[in-house]
Amino acid sequence: MHEVTCYATPLGCEPAKLPFNYLGIPVRGNMNLKKNWRTVIERFLAKLSVWKLKTLSIGGCLTLSKAVLGNLLTYYFTLFFAPIGIINTLESIRRKFLWGTNDDGKRKVNWVSWQKLISPKKAGDLGLGSLRALN
């Protein structure tokens with residue numbers, strides 16, 4: 001650590017320890033562990049809320065999911081390869097947001113299959129995109 005300090009001080013830098021944030025991305029020791037993705041999942045959930053689900057139509061929810069959630073994950077996936085468990089968790093959050101729930105907390109009817117939602121628009125589907133393919 002002393003050697004790092006010797007090189008960092010003349011540059012006006014301060015040595016950091018893991019974990020730290022760089023350009024808004026949490027840099028951890030090992031991003032293959034699920035626990036190190038917790039902040040990403042929390043950020044993902046922060047973009048969603050119950051009021052958005054209740055006030056937006058299915059088209060609005062789809063647009064929000066594509067524009068905000070898709071781009072947020074693209075940002076993380078350019079740097080890290082996510083474990084399959086994290087992909088499954090994020091897909092589950094996206095699916096629950098799009099399908100929504102009734103006032104009594106039960107799931108609504110899924111009028112379109114998930115495969116049609118994630119398939120490309122060229123195939124005549126909705127083009128949400130698969131997180132597995134993106135990763």
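You'll find the structure just up there.
Right, let's walk through the structure included here. What you see is a predicted model, and the numbers here were worked out from it, not measured in a lab. (Residues numbered from 1 in each chain as written. Predicted model: local features only at pLDDT ≥ 70, side-chain atom pairs only at ≥ 80, totals over all residues. Heavy atoms only, no water.)

Considering the pattern of salt bridges
Where we set the bar: A side-chain nitrogen of Lys or Arg and a carboxyl oxygen of Asp or Glu constitute a salt bridge if their distance falls within 4 Å. In DSSP terms, a helix is any run of H or I states spanning at least four residues, a strand is any run of E spanning at least two, and both are numbered starting from the N terminus.
Throughout the structure, instances matching the rule amount to one salt bridge. Ionic pairing is found between Glu-91 and Arg-94, a salt bridge with its closest N-O pair at 3.1 Å. A residue pair is termed a helical-turn pair when its members lie 3 or 4 positions apart in one helix, as Glu-91 and Arg-94 do in helix α5 (residues 84–99) at three residues.

Considerations on a nonpolar patch on the surface
What counts is decided by this rule: Each patch is built from residues that are more than 30% exposed by relative accessible area and take part in no salt bridge. Like charges join if they lie within 9 Å; nonpolar side chains (Val, Leu, Ile, Met, Phe, Trp, Tyr) join within 5 Å. Computed by Shrake-Rupley with a 1.4 Å probe, the accessible areas treat only the displayed protein chains as cover when residues are assessed. Each residue is placed in one exposure class: buried if its accessible area under a 1.4 Å probe, protein chains only, is under 20% of its type's maximum, exposed if it is over 50%, and partly exposed if it falls in between.
On the surface, a nonpolar cluster with roughly 540 Å² of combined accessible area is contributed by Leu-18, Phe-20, Tyr-22, Leu-23 and Tyr-75. Look at Leu-18 and you get exposed, because its relative accessible area is 52%.

Points about a positive patch on the surface
Heads up, the condition is: When charges are counted, neither His nor the chain ends are considered; positive counts come from Lys and Arg and negative counts from Asp and Glu. Just so you know, the charge point we use is NZ for Lys, CZ for Arg, CG for Asp and CD for Glu.
A cluster of like positive charges, contributed by Arg-95, Lys-96, Arg-107 and Arg-132, occupies part of the molecular surface. Inspection of the secondary structure assignment puts Arg-95 in helix α5.

Observations concerning the packing of aromatic side chains
For the record, the criterion: Working definition: rings of Phe, Tyr and Trp (its six-membered ring) pair if their centres are within 6.5 Å, and the pair is stacked with planes under 30 degrees apart, edge-to-face with planes over 60 apart, and tilted otherwise.
Taken as a whole, this structure holds two aromatic pairs when the rule is applied. A ring pair is formed by Trp-37 and Phe-80, whose centres lie 6.1 Å apart and whose planes are at 80°; its orientation type is edge-to-face. Residue Trp-37 is found in the loop between β2 (25–27) and α2 (38–46), and its partner Phe-80 is found in the loop between α4 (58–77) and α5; the two are separated by 43 residues along the sequence. Take Phe-80: its relative accessible area is 18%, and that puts it in the buried class. The rings of Trp-37, Phe-77 and Phe-80 are connected pair by pair, giving a single aromatic cluster.

Observations regarding the nonpolar core
In plain terms, the rule: Nonpolar cores are built from buried Ala, Val, Leu, Ile, Met, Phe, Trp, Tyr and Cys residues. Side-chain atoms within 4.5 Å join them into one set. Contact criterion: two residues are considered in contact whenever any of their non-hydrogen atoms come within 4.5 Å of each other.
Core analysis: the largest hydrophobic core is formed by 29 residues, its most contacted members being Trp-37, Phe-44, Leu-73, Phe-77, Leu-90, Leu-98 and Trp-114. Put simply, the parts of the chain that give this core at least two residues each are α2, α4, α5 and α6 (114–118). It is α4 that provides the largest number of residues to this core, a total of eight residues. With residues near it in sequence (within four places) discarded, Trp-37 still touches Met-31, Tyr-76, Phe-77, Phe-80, Phe-81, Ala-82, Pro-83 and Ile-86.

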